[in-house]
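# Observations on the three-dimensional arrangement
So the chains spell out like this:
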Amino acid sequence: MYRPKKKVLQDLHINNGGGLISSWVDSMRACSPTHLKSLMKQSSWLTEHPSALDMFEDILHVSEGKQIVMFMDYDGTLSPIVDDPDRAFMSKKMRRTVRKLANCFHTAIVSGRCREKVYNFVKLTELYYAGSHGMDIKGPEQGSKYKEGSESLLCQPATEFLPMIDEVYKKLVEKTKFTPGANVENNKFCVSVHFRRVDENNWSDLAHQVRAVMKDYPKLRLTQGRKVLEIRPIIKWDKGKALEFLLESLGYANCTDVFPLYIGDDRTDEDAFKILRERRQGLGILVSKFPKETNASYSLQEPAEVIDFLQRLVEWKQLRSGA
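The numbers attached to residues start from 1 for each chain and follow its sequence in the written order. Restriction of local features to residues with pLDDT of at least 70 applies here, the model being predicted, together with a cutoff of 80 or more for giving and counting side-chain atom pairs; totals for whole chains, interfaces and linings are based on all residues. With hydrogens and water excluded, all non-hydrogen atoms of the structure serve as input to the side-chain values.

By the naming in an unreviewed UniProt entry, the protein is Trehalose 6-phosphate phosphatase, taken from Microthlaspi erraticum. Here is the UniProt Pathway (unreviewed entry) comment for the protein, exactly as written: "Glycan biosynthesis; trehalose biosynthesis." UniProt positions are given in the numbering used here, feature names are shortened, and annotations may be inferred rather than shown by experiment.

Shown next as structure tokens:
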């Protein structure tokens, strides 16, 4: 099993009292699409991040002669964002499309969910799954033309934190049980506190509850996504690191003829978008109906557009292969 060297992240910002709580709540609002205050108009934003559907031929042109590798988030990308995270089901049409995609390209799902939960939603053995924001990676099991050598692939760089994560999960469940709508999810190598169904007037109380638990765990850090607080180990590992690990595992570490495509909707996907920009290789596609700062090059508005984009990729590949 691959275990990379760990680097401690600075600045956990856990023990600063009321001012910190206020900044947490401000950040919680900033991650909510209904509170986004765009610095630019939609039309201006789309000029910088045009539709991947409209620019499909341009994307094919820049990927010409290179091996496309697909990376996708799950929630909000392959499935709609829903109030109950346990009911974030992908459509049958999306599942069929992703299965066809995996028969054309190496395909990975990179999610904040624990790997087993994502697999139970997707139910496709042909894929690479990177759960817990990339801290739990496993290769395809069967049915993939790319299976050879990958079924033993396993990367879990935060194994030593499992007892601590489980302990924090139990404490957060107890601490937040009187906050209506709060949902604490154990994602194996991280804990997610969903506040999508929490009244905004109670967000400050919820932030206090999370801080009350986290202040006793300096080896954990807090990050935020779309109406979710994420508690993770302080190791320097994220979706961007997972992308790099998978490319290396697939033999593309120093290749110039690989073209990674990463599609995601969440703030945590920005780590992967940033890596692609730094590598000057491949491109990121942000799934969002609202203008927001991003390292992605292109955009899609919703999972329905993701299906259309993936279908066009499959059709293009099949046409080139004579399928």
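The discussion continues.
### Digging into the overall build of the protein
Under the DSSP-based scheme used, a helix requires at least four consecutive residues in state H or I and a strand at least two consecutive residues in state E, with every element numbered from the N terminus. Counting secondary structure elements, the protein contains 10 helices and 12 strands. Each of the 323 residues in the protein was classed as buried or not, and the buried ones make up 53%. Considering only contacts within the protein whose residues lie at least 6 apart along the sequence, 64% involve residues at least 24 apart. Three labels apply to residues, based on accessible area from a 1.4 Å probe with only protein chains included: buried if under 20% of the type maximum, exposed if over 50%, partly exposed otherwise in between. Every residue pair with non-hydrogen atoms within 4.5 Å of one another is taken to be in contact.

### Examining the sheet that holds strand S4 (residues 136–138)
Here, any two strands with at least 2 DSSP bridges between them count as paired. Spatial ordering of the open sheet is given by S5-S4-S3-S2-S1-S10-S11-S12, a layout of eight strands whose pairing is mixed. Since the sheet does not close on itself, it has two edges, and those belong to strand S5 (154–155) and strand S12 (298–300), each with one partner. Two strands pair when backbone bridges link them, and strand S3 (residues 128–131) and S4 are joined in this way by three bridges, in the antiparallel orientation. Within S4, the position partnered with Tyr 129 by the bridge is Lys 138.

### What to know about helix H7 (residues 203–214)
Over its 12 residues, H7 extends 16 Å from the first C-alpha to the last, a length consistent with the 16 Å expected when each residue adds 1.5 Å. Among all positions of H7, only Trp 203, Leu 206, Ala 207, Gln 209, Val 210, Arg 211, Val 213 and Met 214 are buried. Multiplying 1.5 Å by the residue count of a helix minus one yields the expected span of that helix.

### Focus on the packing of helix H4 (residues 92–102) against helix H10 (residues 303–321)
Here H4 crosses H10 at 35 degrees, and the two axes come no closer than 9 Å. For the pair H4 and H10, the crossing hand works out as left-handed. For the pair H4 and H10, contact is made by Lys 93, Met 94, Thr 97, Val 98, Lys 100 and Leu 101 and by Pro 303, Val 306, Ile 307, Leu 310, Gln 311, Leu 313 and Val 314, respectively. Structural elements are reduced to axes, namely lines fitted to C-alpha atoms, with helices fitted over the stretch in contact, and the angle between N-to-C directions of any two is expressed from 0 to 180 degrees. Here a crossing is taken to be left-handed if its near helix is turned anticlockwise relative to the far helix by less than a right angle, and right-handed if that turn runs clockwise.

### Section: the side chain of Thr 107
Among the structural elements, Thr 107 can be located in strand S2 (residues 106–110). Here a polar contact means two N or O atoms within 3.5 Å. Within protein one must be a hydrogen donor candidate and the other an acceptor candidate, and residues neighboring in sequence count only if both atoms are side-chain atoms. Looking at Thr 107, its side chain comes within polar contact range of the main-chain oxygen of Phe 105, at 3.0 Å. When neighbours within four sequence positions are excluded, Thr 107 is seen to be in contact with Met 70, Met 72, Leu 101, Ala 102, Leu 127 and Tyr 128.

### Thoughts on the sheet that holds strand S9 (residues 228–233)
Strand pairing within a sheet occurs via backbone hydrogen bonds; the two strands may be parallel or antiparallel. Strand order in the open sheet made by the four strands is S6-S7-S9-S8, with antiparallel pairing throughout. Looking at the sheet topology across the chains shown, the edges are occupied by strand S6 (183–186) and strand S8 (220–225). Direction aside, the axes of adjacent strands within the sheet are offset by 20 degrees on average. Across six bridges, the pairing between S8 and S9 is antiparallel. Paired with Gln 224 across the two strands is Leu 229, which belongs to S9. Across the sheet, H7 is in contact with strand S7 (191–194), S8 and S9; its angle to S8 comes to roughly 155 degrees.

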